[in-house]
Amino acid sequence: MHYSRARIQIVFLGLFAAQLRAEIKLKVHLDRVLQSDYLGVNQVYHGFAFMPEAQARGMNDADRAREFDRVSEMRLNLARTWFRPDWSNGDSLGNAPDWESPKMRAFYKWLAEMRARNVDVAMQAGWWFTTDTYFGSPAPDPVRDLGRYPRWVSDAVHQIVEKHGFRNVKYLILMTEPTSYEMGIVPAGETQWSYYVKMMHAIDRQLRADGRRGLVKLVGPNNSSGGIHLKEAAEELNDVLDVYSGHDYNKRGYDEWFAMCQSMAATVATTGKPFWLDELGKQDEVYRLTGEYGNYLAQIIAASINAGLQTSMQWLLFDQLYVAPIDKGDGKDGFHMGVHRWGACKWPHDSVDDPTSCYPQWGAVRMISKCLSGRKGTRTLVTESAGALKIAATSPQGRGLSALVVNTSDFAQTFSVEISGSAGTGALYRHLYDPQNALSPDAGARCHRPLHDTIPARGVAVYTTLRR
């Protein structure tokens, strides 16, 4: 049968219009809890704002005020930050530590700013494994290092948490991707994993011996590639770890992220301990500049919530100038003369247009972080997605509702949300991120109940009982 081009266009437009009219039905179950202690939508955000490297490149009080105002605006719950032995020990762990060195004082200032904004901190117990465990020496020496390095970690907890009073430092991340790749020499007779296990046990023992173990929770193993060595960690480090974690990058969308998160959490489920997606994102610098990247991040967040994870951490909250030894890193993985261009907002002295502004994704990052809330009894809830729309939900501080709806398609979608057990949740207010107008979100309009709405192509919406 022959159809004219005009006839085909009419049929296509009719199907498209029908797609717009068809209402997708989503569900939220207020009485079915996935995670009873949700920590929120969180960030890798390093304590570099007062560092000498940043100040030498022009970072000033106005820049810091702008940065910290953004932290307040998004209601950040938890920041994961870089921390290494050189900040206290100069060029070698063999040196006597100076806990009032310029870099330590700079770090204390940042910690104070986080504390003032009610931001908890997950601090690295060193960054590179095995390099940091024998920092300043030509090679590892297990007899020396299995005593000296855990002592440095324990002393850091004493100085930062106890002596300086930064009780918002609540977690230690046990290195960064410690057995995902080789970064340093592995002692003879050991594998990277076997030596990691020994070192982490030594850190745990030292903290216990010093009466400091209860001050922090230990998080690991923080590996990439979908969380390698998670099974081994559950078998060999369960008496050390309070929280399990892992990550990957570049998954194609919600379904792949959900499958990975679910698989990682299932690997350690028998321990009964929480799991973190401790990094996330897409290694495509051009794509990260687009409004659509905000939608991509929202898909990951929804997937992590629906997989029952305790938190997710975007890499990176802001573009940041790194400290030595990579303060001049360039040409790889988003580094431009020491500035890591992975964030939602620009570094204010970078060589980019309008360096005090934010990228389009900031509209989504700010909205989701603020509206989904975290800590203080926040729960995540069972939901039912459908078609192109993905839904995830929280009960902020155990009261009310925040529902995240993500449109994964290139067309607007009309939908309804059925809320079971919804008595007493209160009025809902709509916040919308449209990638076509990313930095001017539609915020705070009151919704009619039951909830019916239309979300634009690649849009992200949050419907929340929170009024703030």
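All values derive from a computational prediction rather than experimental measurement. (Residues numbered from 1 in each chain as written. Predicted model: local features only at pLDDT ≥ 70, side-chain atom pairs only at ≥ 80, totals over all residues. Heavy atoms only, no water.)

## Describing the state of the cysteines
Per the stated rule, a full pass over the model turns up 1 disulfide. With a sulfur-sulfur separation of 2.2 Å, Cys345 is cross-linked through a disulfide to Cys358. Its torsion about the S-S bond being 85 degrees, the disulfide of Cys345 and Cys358 is classed as right-handed. Here Cys345 is found in the loop between β12 (339-340) and α12 (362-372), whereas its partner Cys358 is found in the loop between β12 and α12, with 13 residues between them in sequence. No disulfide involves Cys447; its sulfur sits 11 Å from the nearest other cysteine sulfur, which is in Cys371. (Disulfide = S-S within 2.5 Å. Helix = DSSP H or I, 4+ residues; strand = E, 2+ residues; numbered from the N terminus.)

## Topic: the pairing of strand β14 (residues 389-395)
If a strand is regular, its side chains alternate between the two faces of the sheet. Across the 7 residues that make up β14, a large majority, 7, are buried. Where burial is concerned, the two faces of β14 agree: the one with Leu389, Ile391, Ala393 and Ser395 and the one with Lys390, Ala392 and Thr394 are both buried. The pairing of strand β13 (residues 379-384) with β14 spans 3 bridges and is classified as antiparallel. Residue pairing for β14: Arg379 is matched across the bridge by Ser395. (Buried < 20%, exposed > 50% of the residue type's maximum accessible area, 1.4 Å probe, protein only. Pairing = 2+ DSSP bridges.)

## Overview of the nonpolar core
In this structure, Trp110 and Ile160 are the most contacted members of the largest nonpolar core, which totals 124 residues. Looking at which element gives the most residues to this core, the answer is helix α11 (residues 292-306), with 9 residues. Aside from chain neighbours lying at most four places away, what touches Ile160 is Phe83, Met104, Phe107, Tyr108, Leu111, Met123, Gly165, Phe166 and Val169. Leu26, Leu30, Ile391 and Ala461 belong to the second-largest nonpolar core, a separate cluster that totals 21 residues. (Core = buried A, V, L, I, M, F, W, Y, C linked by side-chain atoms within 4.5 Å. Contact = heavy atoms within 4.5 Å.)

## Describing the layout of surface pockets
To find leftover empty space, a probe the size of one water molecule is rolled over the atoms. Of the volumes computed, that of the largest pocket is approximately 560 Å³. Class assignment for the residues of the lining of the largest pocket results in 11 nonpolar, 6 polar and 4 charged. (1 Å grid on protein atoms, 1.4 Å probe; cavity = no way out; pocket = protein on both sides within 12 Å on 5 of 7 lines; lining within 4 Å. Points joined across faces, edges and corners; volume = space filled by probe spheres on them. Nonpolar A, V, L, I, M, F, W, Y, C, P; charged D, E, K, R; others polar.)

## What to know about the packing of aromatic side chains
Throughout the structure, instances matching the rule amount to 30 aromatic pairs. Arranged with centres 6.2 Å apart and planes meeting at 70 degrees, the rings of Phe48 and Trp82 form a pair that is edge-to-face. With Phe48 in the loop between β2 (40-44) and α2 (52-56) and Trp82 in the loop between β3 (78-81) and α4 (86-89), the pair connects residues that are 34 residues apart, well separated along the chain. Each member of the pair, Phe48 together with Trp82, is buried. Just above the ring of Tyr429 sits the side chain of Arg467; from NZ or CZ to the centre is 4.1 Å. (Phe/Tyr/Trp six-rings, centres within 6.5 Å; stacked < 30°, edge-to-face > 60°. Lys NZ or Arg CZ within 6 Å of the ring centre and 35° of its normal.)

## Quick notes on the pairing of β13
Sheet analysis places strand β1 (residues 23-35) next to β13, joined by 5 bridges and oriented antiparallel. Each bridged residue has a counterpart across the sheet, and for Lys27 the counterpart in β13 is Glu384. Hairpin connection of β13 to β14: 4 residues between the antiparallel strands, including Gly387 at a positive phi of 55 degrees.

## Regarding the sheet that holds β12
Read across the sheet, 3 strands follow the order β10-β12-β11 without closing on themselves; strand pairing throughout is antiparallel. Sheet topology places β10 (320-321) and β11 (335-336) at the edges, where each strand pairs with a single neighbour. As paired elements, β10 and β12 share 2 bridges and run antiparallel to each other. Residue pairing in the sheet places Leu321 in a bridge with Val339 of β12.

## Quick look at empty space enclosed by the protein
Under the defined criterion, the tally for this structure stands at 3 cavities of 30 Å³ or more. Counted as a void, the largest cavity has a volume near 80 Å³. Lining of the largest cavity is provided by Val41, Gln43, Leu280, Leu297, Ile301, Ser312, Gln314, Ala364, Val365 and Ile368. Among the secondary structure elements, those contributing two or more residues to the lining of the largest cavity are β2, α11, β9 (311-314) and α12. Of all the elements, α12 adds the most residues to the lining of the largest cavity, at 3 residues. In the lining of the largest cavity, the residues fall into 7 nonpolar, 3 polar and no charged. Size it by volume and the second largest cavity reaches roughly 60 Å³. A class-by-class count of the residues in the lining of the second largest cavity yields 4 nonpolar, no polar and 6 charged.

## Some remarks on the pattern of salt bridges
A full pass over the atoms with the stated rule returns 30 salt bridges. Its salt-bridge partner being Asp132, residue Arg84 comes within 2.6 Å of it at the nearest N-O pair. Note that Arg84 is positioned in the loop between β3 and α4 and Asp132 in the loop between β4 (120-124) and α6 (142-163), a separation of 48 residues in sequence. Using a relative accessible area of 0% as the deciding quantity, one classes Asp132 as buried. Lys231 is the partner of Glu235 in a salt bridge, and the nearest nitrogen-oxygen pair spans 2.7 Å. On the criterion of helical spacing, the pair formed by Glu235 and Lys231 is a turn pair, its members being 4 residues apart in helix α8 (residues 230-236). The same class applies to Glu235 and to Lys231, which are both exposed. Each of Arg151, Asp155, Glu162, Asp210 and Arg212 takes part in one network of salt bridges that share partners. (Salt bridge = Lys/Arg side-chain N within 4 Å of Asp/Glu carboxyl O.)

## Considerations on α11
Along its 15 residues, α11 runs 21 Å from first to last C-alpha, staying within 8% of the 21 Å computed at 1.5 Å per residue. Buried residues dominate α11, accounting for 14 of its 15 residues. Two residues or fewer past α11, Gly308 is found with a positive phi of approximately 85 degrees. (Expected span 1.5 Å × (residues − 1).)

## Thoughts on the confidence of the model for the protein
Predicted coordinates in regions of low pLDDT should not be interpreted in detail. When pLDDT is averaged across the protein, the result is 94; 94% of the residues are at 70 or more. Ranking the helices and strands of the protein by mean pLDDT puts β4 first, with 99, and helix α1 (residues 5-21) last, with 47. Scored below 50 in pLDDT, residues 10-20 shows 5 contacts in the model against residues more than four places distant or in partner chains. (pLDDT = per-residue confidence, 0-100.)

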